[in-house]
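# Structural characterization, general
For reference, the chains in residue letters:
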Amino acid sequence: MASAPKSWCRWFVVCVVVVLLPGCGGHPKDVLTPVADTSPQSTKVDMLIATTRTRSAVPGEMFNGERARAPAFADMTISIPPSKFRKEGQVAWPKRLPSNPATDFATVKADDLDIAAARKWLSTSVRKTPDGSVLVFIHGFNNRFEDAVYRFAQIVHDSGVHSAPILVTWPSRGSLLAYGYDRESTNYTRNALETLFQYLAKDAEVKEVSILAHSMGNWLALESLRQMAIRNGRLPQKFKNVMLAAPDVDVDVFSQQIADMGKQHPQFTLFVSRDDKALAFSRRVWGDVSRLGAIDPEQAPYKKELEDNKIMVIDLTKIKSGDRMNHGKFAESPEIVQLIGQRISEGQTLTDSRVGLGDQILVATTGAAAAAGNVAGLVLAAPVAVVDQDTRDNYATHVGSLAGTGGTSPTAPQNCDQTRPAPSCKR
């Protein structure tokens, strides 16, 4: 029995070392002091910030990881350099300060807003969208304010989404050892996020709301939606897509949260990866209970529960990324980010076409498989499994075609929805 605590301590130390390694060297901190917009070739991403963080006195930090007494708002514009200076899915952090907009992510505007100005920003930005849509992003554990801002700017840019972007950032101290503090900070922010959701629900100019949450931010998103559903009796129909990326949420608690939201709830899309080291660590912290973002969606009891609640699952286990923890694949995979943006911008849920989301990756990869001349080439080329019947049927068609057992061309998915075709449908 005495060996158990030693084993646990050894395992904990190893996890800490693994988690901290990617941060060695790092990038300059406090990068949010605005610089002159000197690069006309760079793309600009304008976003509304809603935060429960405390205003920082440190130049370039803007907001720190402590909890504010009341929410604050800001209007920020991030400059993103041309593609030759970075790979899609990556943030081009400056190597030195001040940032150079020609080669780095750079802050070119960072204005504080009061609540009236924040409402005006939202109204103006929503009117500029083609469909009156809003995208709300909620970051995860161990994120400084600048991490959340630059990551969301990257997602908005790489996805090509046309919605008005709102970043909800809660008080994270940006430290591995502050896990408990961060978790309680999500609880601290629940009411503020629900208030934002309630405002979006009542704003007649806002026609559609999509939510993208990552890691511990999923707990905050789900709890705020649950509160809203209980308070109002249901969730509004304009809340179309809720995308749960690597959710650090107890699977049993998630089942109860979904039940509490009632039958009218958004289309949930779950991004999982069974090699997510951060969620493996979290599972040990929370008493060896499975975390939602690391389940095997094909195994019982998850498969039936997901099907019963019409929850789509995108399994990213075989996707490779530059994240050693395998915890941020949804944002670092250009194909996944682009598909999210395409679907939101088309006003679709991720599953309302008879072409499954995974088919779009299959279209881009089956050519390589055909060149390889075997089914194994397809498996290696298209390592994304989507738990919806359309993609599985089409995937089988691709396999059959390569195996010489019939089927359609592996480069053209079938059953394209005639009213709102997916971008990959060939006409």
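For the structure given in this document, a descriptive report is provided here. Numbering of residues starts from 1 in each chain and follows the order in which that chain's sequence is written. Restriction of local features to residues with pLDDT of at least 70 applies here, the model being predicted, together with a cutoff of 80 or more for giving and counting side-chain atom pairs; totals for whole chains, interfaces and linings are based on all residues. By convention in this description, side-chain values take in all heavy atoms of the structure and omit both hydrogens and water.

Here we take up the overall build of the protein. Numbered from the N terminus, helices here are DSSP runs of H or I no shorter than four residues, and strands are runs of E no shorter than two. Counting its regular elements, the protein contains 13 helices and ten strands. We call a residue buried when its accessible area falls under 20% of the maximum for its residue type, exposed when it is over 50%, and partly exposed in between, using a 1.4 Å probe and counting protein chains only. Taking all 427 residues of the protein together, the buried fraction comes to 54%. Only heavy atoms matter for contacts: two residues are in contact if any of them lie within 4.5 Å across the pair. Of the contacts made within the protein by residues no fewer than 6 positions apart, 77% connect residues no fewer than 24 positions apart.

Where helices are involved, their axes are fitted lines through C-alpha atoms of the stretch in contact, as for all axes, and angles between N-to-C directions lie from 0 to 180°. In the contact formed by helix α4 (residues 179–202) and helix α5 (residues 217–232), the axes pass within 8 Å of each other and the chain directions differ by 50°. Taken together, the axes of α4 and α5 are oblique relative to one another. Viewed along their axes, α4 and α5 form a crossing whose handedness is right-handed. Two secondary-structure elements touch here, α4 through Arg 183, Thr 186, Asn 187, Thr 189, Arg 190, Asn 191, Leu 193, Glu 194, Phe 197, Gln 198 and Ala 201 and α5 through Trp 219, Leu 220, Ala 221, Glu 223, Ser 224, Leu 225, Gln 227, Met 228, Arg 231 and Asn 232. Ten residues, namely Ala, Val, Leu, Ile, Met, Phe, Trp, Tyr, Cys and Pro, are considered nonpolar, four, namely Asp, Glu, Lys and Arg, are considered charged, and the remaining ones, Gly among them, are considered polar. Looking at the contact of α4 with α5 residue by residue, the class counts come to eight nonpolar, eight polar and five charged. An angle counts as roughly parallel when it lies under 35 degrees, as roughly antiparallel when it exceeds 145, as roughly perpendicular when it falls between 65 and 115, and as oblique in every other case. With the far helix as reference, a near helix turned anticlockwise by less than a right angle produces a left-handed crossing, and one turned clockwise produces a right-handed crossing.

Its place among the elements puts Ile 155 in helix α3 (residues 145–159). Look at Ile 155 and you get buried, because its relative accessible area is 4%. Sequence separation between Ile 155 and Phe 137 is 18 residues; the distance between their C-alpha atoms is 9.5 Å.

Look at α3: 21 Å from first C-alpha to last across 15 residues, which is about the 21 Å you get at 1.5 Å a residue. Buried residues dominate α3, accounting for 13 of its 15 residues. Phi turns positive, to about 70°, at Gly 160, one or two residues after α3. By this rule, a helix spans an expected 1.5 Å times one less than how many residues it contains.

Salt bridges are defined by distance alone: a side-chain nitrogen of Lys or Arg within 4 Å of a carboxyl oxygen of Asp or Glu. The final tally for this structure, using the stated rule, is 13 salt bridges. For the salt bridge of Asp 75 with Lys 109, the shortest nitrogen-to-oxygen distance reads 2.9 Å. Highlighted residues: Asp 75 in strand β2 (residues 63–80) and Lys 109 in strand β3 (residues 106–113), separated in sequence by 34 residues. Note on Asp 75: relative accessible area 9%, which makes it buried. Using a relative accessible area of 26% as the deciding quantity, one classes Lys 109 as partly exposed.

With that settled, consider unusual backbone geometry. Residues Leu 97 and Pro 98 are joined by a peptide bond in cis, for which omega reads 0°. The amide bond that connects Ala 300 to the next residue, Pro 301, takes the cis arrangement and shows omega of 0°. Mapped onto the fold, Pro 301 is located in the loop between α7 (277–285) and α8 (302–308). Here the phi dihedral of Asp 30 falls at roughly 55°; this positive angle occurs in a residue that is not glycine. Counting through the fold element by element, Asp 30 comes out in the loop between α1 (3–20) and β1 (43–55). Even without being glycine, Asn 142 reaches a positive phi, approximately 65°. Judged by its relative accessible area of 28%, Asn 142 falls in the partly exposed class.

Stacked, tilted and edge-to-face pairs are distinguished by plane angle, under 30 degrees for stacked and over 60 for edge-to-face with tilted covering the rest, among Phe, Tyr and Trp rings (Trp via its six-membered ring) whose centres lie within 6.5 Å. One pass over the structure, following the stated rule, counts six aromatic pairs. Measuring from ring centre to ring centre gives 5.0 Å for Trp 93 and Tyr 150, while their planes differ by 35°; the resulting arrangement is tilted. Pair noted here: Trp 93 is in the loop between β2 and β3 and Tyr 150 is in helix α3, with a separation of 57 residues, a long-range link. Taking relative accessible area as the criterion, Tyr 150 reaches 0% and is therefore assigned buried. Put simply, the rings of Trp 93, Phe 105 and Tyr 150 pair up and form one aromatic cluster. Put simply, a charge is over a ring when the Lys NZ or the Arg CZ is close to the ring centre, within 6 Å, and near the line of the ring normal, within 35 degrees. A cation over an aromatic ring shows up here: Arg 173 above the ring of Tyr 181, its NZ or CZ 3.6 Å from the ring centre.

Attention now goes to the pairing of strand β6 (residues 208–214). Among the seven residues in β6, seven count as buried, and that is most of the element. On β6, burial covers both faces: Glu 208, Ser 210, Leu 212 and His 214 on one face and Val 209, Ile 211 and Ala 213 on the other are all buried. Two strands pair under a simple rule: DSSP has to find at least two bridges between them. One ladder, built from six bridges, connects strand β4 (residues 133–138) with β6; its direction is parallel. For Leu 135, the partnering residue across the bridge sits in β6 and is Ser 210. Handedness rule for crossovers: strands pointing away from the viewer, path from the first strand over the helix to the second running clockwise, crossover right-handed. Chirality of the crossover, the property in question, places the unit of β6, α5 and strand β7 (residues 239–245) among those that are right-handed.

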